[in-house]
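# Breakdown of the fold
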Amino acid sequence: MFIVGLTGGISSGKSTVANVFRENGIPVVDADAIAREVVEPGTTAWKKIKEEFGEEILLPSGKLNREKLGEIIFGDIDKRRKLNEWTHPEIHRTIMFEVLRYFLAGHRYVVLDLPLLFESGVMLSYIYKIICVTCTPEQQLERLIKRNSMSKHLAEQRIAAQMPLEVKCEKAHYIIDNTSDIENTRVQAKRVIGILNDSWEHWRIRLYIGVLAAVVFLPILYWWYYV
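Residues numbered from 1 in each chain as written. Predicted model: local features only at pLDDT ≥ 70, side-chain atom pairs only at ≥ 80, totals over all residues. Heavy atoms only, no water.

## Points about the overall build of the chain
The condition that has to hold: Secondary structure elements are taken from DSSP: a helix is a run of H or I of four residues or more, a strand is a run of E of two residues or more, and numbering for both begins at the N terminus. The contact criterion used throughout is that any non-hydrogen atoms of two residues lie within 4.5 Å.
The helix and strand inventory of the chain stands at eleven helices and five strands. Considering only intrachain contacts with a sequence separation of at least 6, the fraction spanning at least 24 residues in the chain is 72%.

## Description of helix 4 (residues 66-73)
Keep this limit in mind: Categorising residues by exposure relies on relative accessible area from a 1.4 Å probe, with only protein chains included: less than 20% of the type maximum marks a residue as buried, more than 50% marks it as exposed, and the intermediate range marks it as partly exposed. What the arc describes is the spread of directions from the helix axis to the C-beta atoms.
Of the positions making up helix 4, those classed as buried are Leu69, Gly70 and Ile73. All buried residues of helix 4 lie within an arc of 105 degrees about the axis, which places them on one face of the element. On the buried face of helix 4, the contacting elements are helix 3 (44-53), helix 5 (77-104) and helix 8 (152-160).

## Comments concerning helix 1 (residues 14-23)
Buried within helix 1 are the following residues: Lys14, Val17, Ala18, Val20 and Phe21. Viewed end-on, helix 1 has its buried residues packed into an arc of 155 degrees, placing them on one side of the element. Of the exposed residues in helix 1, the ones pointing more than 90 degrees away from its buried face are Ser15 and Glu23. Looking at the buried residues of helix 1, the elements they touch are strand 1 (2-8), strand 2 (28-30), strand 3 (109-113), strand 4 (129-134), strand 5 (174-177) and helix 10 (182-197).

## Quick notes on the confidence of the model for the chain
Interpretation of this model should avoid reading the predicted coordinates in detail wherever pLDDT is low. Convention followed: For every residue, the pLDDT score states the predictor's confidence, bounded by 0 at the bottom and 100 at the top.
Residues of the chain with pLDDT of at least 70 account for 88%, and the chain-wide mean is 89. For the chain, helix 11 (residues 201-226) is the element with the lowest average pLDDT, namely 54, and strand 5 is the one with the highest, namely 98. Low pLDDT (under 50) marks residues 208-213, which in the prediction has two contacts with non-local residues, meaning those over four places away or in another chain.

## A look at the nonpolar core
Put simply, the rule reads: Take the buried Ala, Val, Leu, Ile, Met, Phe, Trp, Tyr and Cys residues and link them wherever side-chain atoms come within 4.5 Å; each set so joined is a nonpolar core.
In this structure, Ile49, Leu64, Ile95, Leu112 and Leu114 are the most contacted members of the largest nonpolar core, which totals 36 residues. When contributions to this core are tallied by element, the ones reaching two or more residues are helix 2 (31-37), helix 3, helix 4, helix 5, strand 3, helix 6 (117-120), strand 4 and helix 9 (165-171). Core analysis: the second largest hydrophobic core is formed by 19 residues, Phe2, Val28, Val133 and Ile193 among them.

## Describing unusual backbone geometry
Even without a glycine there, the phi angle at serine 11 is positive, about 65 degrees. With respect to the helices, strands and loops of the structure, serine 11 is situated in the loop between strand 1 and helix 1. The backbone phi angle of serine 149 is positive, close to 50 degrees, even though this residue is not glycine.

## Some words on the pairing of strand 1
Moving residue by residue along a regular strand, the side chains alternate between the two faces of the sheet. Our working rule: Strand pairing is assigned whenever DSSP detects at least two bridges linking the two strands.
For strand 1, the tally of buried residues reaches seven of seven residues, placing the bulk of the element in the interior. Residues Phe2, Val4, Leu6 and Gly8 point to one face of strand 1 and Ile3, Gly5 and Thr7 to the other, with burial holding for every one of them. As defined by bridge partners, strand 1 adjoins strand 3 across five bridges and the pair is classed as parallel. Within the sheet, the bridge partner assigned to isoleucine 3 lies in strand 3 and is valine 110. Relative to strand 4, strand 1 is paired through five bridges, and the arrangement is parallel. What sits directly across from glycine 5, in strand 4, is isoleucine 130.

## Overview of the packing of helix 1 against helix 10
In plain terms, the rule: In this analysis, axes come from line fits to C-alpha atoms, helices being fitted only over the stretch in contact, and the angle between any two N-to-C directions falls in the range 0 to 180 degrees. Reported orientations rely on four angle classes, namely roughly parallel under 35 degrees, roughly antiparallel over 145, roughly perpendicular from 65 to 115, and oblique for the rest. By convention, the crossing between two helices is left-handed when the near helix turns anticlockwise from the far helix through less than a right angle, and right-handed when the turn is clockwise.
Orientation of helix 1 relative to helix 10, taken along the N-to-C sense of each, is 50 degrees, at an axis distance of 9 Å. Taken together, the axes of helix 1 and helix 10 lie oblique to each other. Judged by the twist between their axes, the crossing of helix 1 over helix 10 is right-handed. Here helix 1 contributes Thr16, Val17, Val20, Phe21 and Glu23 to the contact with helix 10, which in turn contributes Ile182, Thr185, Arg186, Ala189, Lys190, Ile193 and Leu196.

This is the structure:
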């Protein structure tokens, strides 16, 4: 099994593309969903966030007020770095566990929906191909304001906190242009799926793992049987 990275900017259209993969039976690991799980009330990260930022960033239910927290961290790079230090290791561990689960289930490849793939750099060495979903800066800003019902200033802060889309596109293997209608985006995503489905990379990886397993376990079996 090989790993495909799906990235882009906030509100660039990654979710639309991820859904096309899911519709075609390809597993998608959503880093944003995992990021929400690791800060659920009572978790280690949640306790650290509460201690650092105070009760005012909590909802009555005890869950994080993500909008309030976002206003704080996207205006202060040091606080954003602290938050990442508390959450990213657990996020990446959970991602790798999910990848292993899909590998054992026999899938040929899995898609990692990672908005900060290039920014963090942690998963890059494990990824075979990278897809970047892009749109114009004006569309990105407009979509984010509309989706999150936030001010233009806050939306600009969040976009500026990420690597520019044009730089991400330069680093990607496949680019999906989400400047037009959704159907056009879906057609592009299906085209990439066709290319990935034709790849034999998963057999190379499985052969490598098989050889590695043989090197490790055959001496053990020999010793157990003959000694």
